[in-house]
Amino acid sequence: LPKIYLQDKEMMILAVEKTPHAFQYISEELRNDREIVMIAINKLPTQLEYVSKELQNDREIVMCAISIMPIALQYASNELRNDLEIVER
């Protein structure tokens, strides 16, 4: 896709809803967009790997991902990977 589409939030929401793997190609700015991140994580939790560092440290997002697919924990921040409340779930 042309770069301009990778920065278009509405276009990327549609793409990620249809093909969750599309998330890994979106712009850095949109990798920090909570709405798109939650769509991607709910569809394919391992997309946490491509989420911004800030949101990889977001408890709600990480809990959502690991509640669906515990192996997604490997993509959370070091801080959350070492958080007993999260690890024990």
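Use the structure listed above.
Residues numbered from 1 in each chain as written. Predicted model: local features only at pLDDT ≥ 70, side-chain atom pairs only at ≥ 80, totals over all residues. Heavy atoms only, no water.

**Quick word on the nonpolar core**
- Formed by 29 residues in total, the largest nonpolar core has its most connected members in Phe 23, Ile 36, Ile 41, Leu 48 and Val 62.
- Only α2 (9-18), α3 (34-43) and α5 (59-68) provide two or more residues apiece to this core. (Core = buried A, V, L, I, M, F, W, Y, C linked by side-chain atoms within 4.5 Å. Buried < 20%, exposed > 50% of the residue type's maximum accessible area, 1.4 Å probe, protein only. Helix = DSSP H or I, 4+ residues; strand = E, 2+ residues; numbered from the N terminus.)

**Quick word on a nonpolar patch on the surface**
- There is a patch of nonpolar side chains on the surface, built from Ile 4, Tyr 5 and Met 11 and spanning about 290 Å² of accessible area.
- Locating Ile 4 in the fold gives a position in helix α1 (residues 3-6).
- A residue is classified by how much of its surface remains accessible, and Ile 4, at 62% relative accessible area, is exposed. (Patch = residues over 30% accessible without salt bridge, like charges linked within 9 Å, V, L, I, M, F, W, Y side chains within 5 Å. Areas by Shrake-Rupley, 256 points an atom, 1.4 Å probe, with all protein chains shown as cover. Salt bridge = Lys/Arg side-chain N within 4 Å of Asp/Glu carboxyl O.)

**Considerations on the packing of α2 against α3**
- It is the contact of α2 with α3, at a shortest axis distance of 9 Å, that shows an interaxial angle of 5°. Between α2 and α3, the angle is such that the two are roughly parallel. When α2 is examined against α3, the residues Lys 9, Met 12, Ile 13, Val 16 and Glu 17 are found in contact with a partner set consisting of Glu 35, Ile 36, Ile 39, Ala 40 and Lys 43. (Axes fitted to C-alpha atoms, helices over the stretch in contact; angles between N-to-C directions. Parallel < 35°, antiparallel > 145°, perpendicular 65-115°, else oblique. Contact = heavy atoms within 4.5 Å.)

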